[in-house]
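Chain by chain, the residues run as shown.
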Amino acid sequence: MMMDAPPKLPTDLGTTRTIMAADRTLMAWIRTSLSMLSFGFTIYKFLDTATEKAGHGDSESPQHIGLFLAGMGTLAILLGTLGYWMTLTDLKQMDQFSLKRPVLLMALIMCIAGIALFGAIATRAV
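Quick notes on the rules
Residues numbered from 1 in each chain as written. Predicted model: local features only at pLDDT ≥ 70, side-chain atom pairs only at ≥ 80, totals over all residues. Heavy atoms only, no water. Salt bridge = Lys/Arg side-chain N within 4 Å of Asp/Glu carboxyl O. Helix = DSSP H or I, 4+ residues; strand = E, 2+ residues; numbered from the N terminus. Buried < 20%, exposed > 50% of the residue type's maximum accessible area, 1.4 Å probe, protein only. Polar contact = N/O pair within 3.5 Å; in protein donor to acceptor, adjacent residues only side chain to side chain. Contact = heavy atoms within 4.5 Å. Core = buried A, V, L, I, M, F, W, Y, C linked by side-chain atoms within 4.5 Å. Expected span 1.5 Å × (residues − 1).

Draft legend 1. Representation of the pattern of salt bridges. In this structure the tally under the stated criterion is two salt bridges. A salt bridge links Arg124 to Asp48; the nearest nitrogen and oxygen atoms lie 3.4 Å apart. Residue Arg124 is found in the segment after α3 (102-122), and its partner Asp48 is found in helix α1 (residues 13-54); the two are separated by 76 residues along the sequence. For Arg124, the salt bridge identified is with Glu60, shortest N-O distance 4.0 Å. Taken together, the positions of Arg124 in the segment after α3 and Glu60 in the loop between α1 and α2 (61-90) put the pair 64 residues apart, joining distant regions of the chain.

Draft legend 2. Expanded view of the side chain of Asp48. Among the residues examined, Asp48 registers a relative accessible area of 10% and is labelled buried. Here Arg124 takes part through its side chain, which lies 3.4 Å from a polar atom of the side chain of Asp48. If sequence neighbours within four positions are ignored, Asp48 has contacts with Pro62 and Arg124.

Draft legend 3. The arrangement of unusual backbone geometry in detail. The backbone of Arg124 shows a phi angle near 55°, a positive value even though the residue is not glycine. By relative accessible area, Arg124 is classed as partly exposed at 33%.

Draft legend 4. Summary view of the nonpolar core. Leu26, Ile30, Ile77, Tyr84 and Ile121 are the most contacted members of the largest nonpolar core, which totals 18 residues. Among the elements of the structure, α1, α2 and α3 are those that each provide at least two residues to this core. In terms of residue count, the dominant contributor to this core is α3 (seven residues).

Draft legend 5. How the structure looks around α2. Between its first and last C-alpha atoms α2 spans 43 Å; for 30 residues at 1.5 Å apiece the expected length is 44 Å, and the two agree. The positive-phi residue at the C-terminal boundary of α2 is Lys92, with phi of around 60°.

Draft legend 6. Looking closely at α1. Counted at 1.5 Å a residue, the expected span for α1 with its 42 residues is 62 Å, and the 61 Å between its end C-alpha atoms agrees. Two residues or fewer past α1, Gly55 is found with a positive phi of approximately 75°.

The following block contains the structure:
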């Protein structure tokens, strides 16, 4: 069984460092997105429960806050991935832009999770 060869890194050390810096930057976007998504879900559930127990207040506010933070978290991961793609395009290293890179796989998973969370809060499924 023949395995695919790992992508070749550029021989230029500066380019290699820039690619690794882009990876770290995308990881920072992933952490930011995860924070926004988890905080949005937590605030939504906390405020929703508090509103139900109190029996008063605007019942739409928790949903709006949760949707805002889930949307911002999803937007953050999309913008981070776009920036990563633009950096690799500028370096003419598009062969490095594949889903075999762990950082891109995590970005894809976080994007799907953000969309799912946004949908769940919008339909009050959670």
